Amino acid sequence: MTLSQIYSFLSPLPCSEQSDAEAEAMARELEEAAENIVQEFEQGMAQIMDNLEKAQLAFDDLSELLEGEEGFALSQGVWQRDGWRELDDLRKKLENLKELRELVRGLGRSGGKGPLRKAPEEVEAPRNPPGVVRSPLQPEEVRGLARSGELSRMLPSEMALLAHGWPRKVQQNGLEGVGTAVVTRESDGEDAQLVEEEYYLPGAHAARMLHRVRRAERMLLSYERCGWLDDTPSRLTGRQEIRPAAEMGPIILCLDTSGSMRGAREVVAKALALECLRGAHRQQRPCYLYAFSGPEQVQELELSVDMKSLDKLLEFLSCSFSGGTDVDRPLQLSLERLQKDEWSRADILMVTDGEIAPPNQKLLDEIAKAHDDLGLEVHGLIVSSQVSDSMEKLCTHLHVFKSWTAVGAESWMY
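No experiment lies behind these values; they were computed from the predicted model shown. (Residues numbered from 1 in each chain as written. Predicted model: local features only at pLDDT ≥ 70, side-chain atom pairs only at ≥ 80, totals over all residues. Heavy atoms only, no water.)

A contiguous nonpolar patch, built from Val142, Leu145 and Tyr223 and spanning about 280 Å² of accessible area, is present on the exposed surface. Inspection of the secondary structure puts valine 142 in strand S3 (residues 141–148). (Patch = residues over 30% accessible without salt bridge, like charges linked within 9 Å, V, L, I, M, F, W, Y side chains within 5 Å. Areas by Shrake-Rupley, 256 points an atom, 1.4 Å probe, with all protein chains shown as cover. Salt bridge = Lys/Arg side-chain N within 4 Å of Asp/Glu carboxyl O. Helix = DSSP H or I, 4+ residues; strand = E, 2+ residues; numbered from the N terminus.)

In structure tokens, the structure reads:
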């Protein structure tokens, strides 16, 4: 039933033509029409809401997707793409790929702790990328007040409660008294005796018992001492705070998408691309992807959490790898990008199976010059058991992938 038909039912009818039977029939038809509209809306939104939930699990903060210039619109195809299924599968695999998370964190000069500045708040969360979190395990400063069971951190008010329940002593001459201690000393050749008698203030017993209960329940009002702990699995909360966060350098990812990278190697490559996006997003640093295969076959993609970039990433995750291998062009493009001020502190990560031709000598000289002038580091992730001579010449740091069981493969196969 269309909306025009619904409006026609809602229009008033003359009293002479309207009967009880007609009113009941119209009510039934309106109810059926409303149910159909709700069912169609639920069916249309089911996939979108499922993809939105997958995005929330993959990225801590979706404000740029939901509150940007485009906003959240059902007409945008990004929420209806099939690539969300591949993205969610890669996210689950990344939970067991600690070596990839640590590799991405080490890219880009600077990072970790730094000067105090306004940055996204992080809280400790297992199976998440490492970050800098506030922790009582690093007591560096007094942040405020908290409840605890530690006597060393309790406030003077709690100490006064404890002192009120403590017995007092008064010195008197003589030997009388209950619970007394006798102290003998000589003075002017005569024995003199002093008696210390214990007594309690009113309410002392109740104060002592109250303090014991509060300590047993860890409810003593105490100073909150904490500091910043580095390299701790954490997630973003979506809030901002003043924290010791260093600005990390950008990431340039060169990804081999040749035919030899199919299978488990392709899964590793795509998972690393996703982790680079997640790491760059949470650490607020740029990230750029060069997906290369044969000569002059280079796909460029800026990895950021916005509608345009995410749409291209989902398309990339849905494609299969094919073609040859030529590393010269992506490396040349990476060096050109390093000449820009905002990318001058970037590191390059080359991901390949090692089956590449030796790079051009002129290109190697330019990389060596960038290493001396800009401090460029070229990391190589080998998704194979063999390290080629070409990769040893090209990279300053080589990493061999080992967690094959996490991507459904065995090490002997590669």
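The rest of the description comes next.
Turning to the confidence of the model for the protein, a few remarks are in order. Per-residue pLDDT for the protein averages 81, and the proportion of residues at 70 or more is 82%. Model confidence for the protein, summarised as mean pLDDT per element, is weakest for strand S5 (residues 180–187) at 43 and strongest for strand S9 (residues 287–292) at 94. Scored below 50 in pLDDT, residues 174–187 makes 25 contacts in the model with residues more than four places away or belonging to other chains. (pLDDT = per-residue confidence, 0-100. Contact = heavy atoms within 4.5 Å.)

Our focus in this paragraph is the packing of helix H4 (residues 83–94) against helix H9 (residues 307–318). Between H4 and H9, whose axes approach to 8 Å, the crossing angle comes to 80°. One element, H4, and the other, H9, form an angle in the roughly perpendicular class. Residues Gly83, Trp84, Glu86, Leu87 and Leu90 of H4 lie in contact with H9, whose contacting residues are Leu310, Leu314, Leu317 and Ser318. Partitioning the contact of H4 with H9 into residue classes produces 6 nonpolar, 2 polar and 1 charged. (Axes fitted to C-alpha atoms, helices over the stretch in contact; angles between N-to-C directions. Parallel < 35°, antiparallel > 145°, perpendicular 65-115°, else oblique. Nonpolar A, V, L, I, M, F, W, Y, C, P; charged D, E, K, R; others polar.)

Another aspect to go through is the packing of helix H2 (residues 20–58) against H4. Across the interface, H2 lies against H4 with an axial gap of 10 Å and an inter-helix angle of 30°. By crossing handedness, the relation of H2 to H4 is classed as left-handed. Residue-level inspection shows Asn51, Lys54, Ala55, Leu57 and Ala58 of H2 in contact with H4, the latter providing Trp84, Arg85, Leu87, Asp88 and Arg91. Residue composition of the contact of H2 with H4, grouped by class: 5 nonpolar, 1 polar and 4 charged. (Left-handed = near helix turned anticlockwise from the far one by under 90°.)

Bridge count for strand S1 (residues 113–124) against strand S7 (residues 220–245) is 9 bridges, and the pairing is antiparallel. Opposite arginine 117, over in S7, you have arginine 243 as the bridge partner. Bridging between strand S2 (residues 130–135) and S7 involves 5 bridges; their strand directions are antiparallel. Note on S7: the bridge partner recorded for valine 133 is leucine 229. Pairing of S3 with S7 involves 7 bridges; the strand directions are antiparallel. Opposite leucine 145, over in S7, you have tyrosine 223 as the bridge partner. (Pairing = 2+ DSSP bridges.)

Before going further, it helps to examine unusual backbone geometry. The backbone phi angle of arginine 218 is positive, close to 55°, even though this residue is not glycine. Even without being glycine, glutamate 296 reaches a positive phi, approximately 65°. Mapped onto the secondary structure, glutamate 296 falls in the loop between S9 and strand S10 (298–302).

Here we take up the side chain of arginine 243. Positionally, arginine 243 belongs in strand S7. Polar side-chain contacts of arginine 243 include one of 2.6 Å to the backbone oxygen of valine 132. Within the structure, arginine 243 has its side chain in polar contact with the side chain of glutamate 241 (distance 2.9 Å). With near-sequence residues (within four places) excluded, arginine 243 lies in contact with Pro115, Leu116, Arg117, Ala119, Pro120, Glu121, Glu122, Val132, Val133 and Trp228. (Polar contact = N/O pair within 3.5 Å; in protein donor to acceptor, adjacent residues only side chain to side chain.)

Another aspect to go through is the environment of histidine 281. On the secondary structure map, histidine 281 appears in helix H8 (residues 264–282). Residue histidine 281 is classed as buried on the basis of its relative accessible area, which comes to 16%. Taking C-alpha positions, histidine 281 is 8.1 Å from phenylalanine 59, a pair spaced 222 residues apart along the chain. (Buried < 20%, exposed > 50% of the residue type's maximum accessible area, 1.4 Å probe, protein only.)

With that settled, the discussion passes to helix H10 (residues 328–338). What H10 keeps buried is the set Pro330, Leu331, Leu333, Ser334, Leu335, Arg337 and Leu338. Of the surrounding secondary structure, the elements contacted by the buried residues of H10 are strand S8 (251–256), S9, S10, strand S11 (347–352), helix H11 (361–374) and helix H12 (389–394).

Quick look at the packing of aromatic side chains now. Each pair of aromatic rings is reported with the distance of its centres and the angle of its planes. Applying the stated rule across the entire model yields 4 aromatic pairs. Aromatic side chains tyrosine 288 and tryptophan 343 sit 6.1 Å apart centroid to centroid with 90° between the ring planes, which places their arrangement in the edge-to-face category. Taken together, the residues span a long stretch of sequence, with tyrosine 288 in strand S9 and tryptophan 343 in the loop between H10 and S11 at a distance of 55 residues. On the basis of relative accessible area, tryptophan 343 is assigned to the buried category, the value being 4%. (Phe/Tyr/Trp six-rings, centres within 6.5 Å; stacked < 30°, edge-to-face > 60°.)

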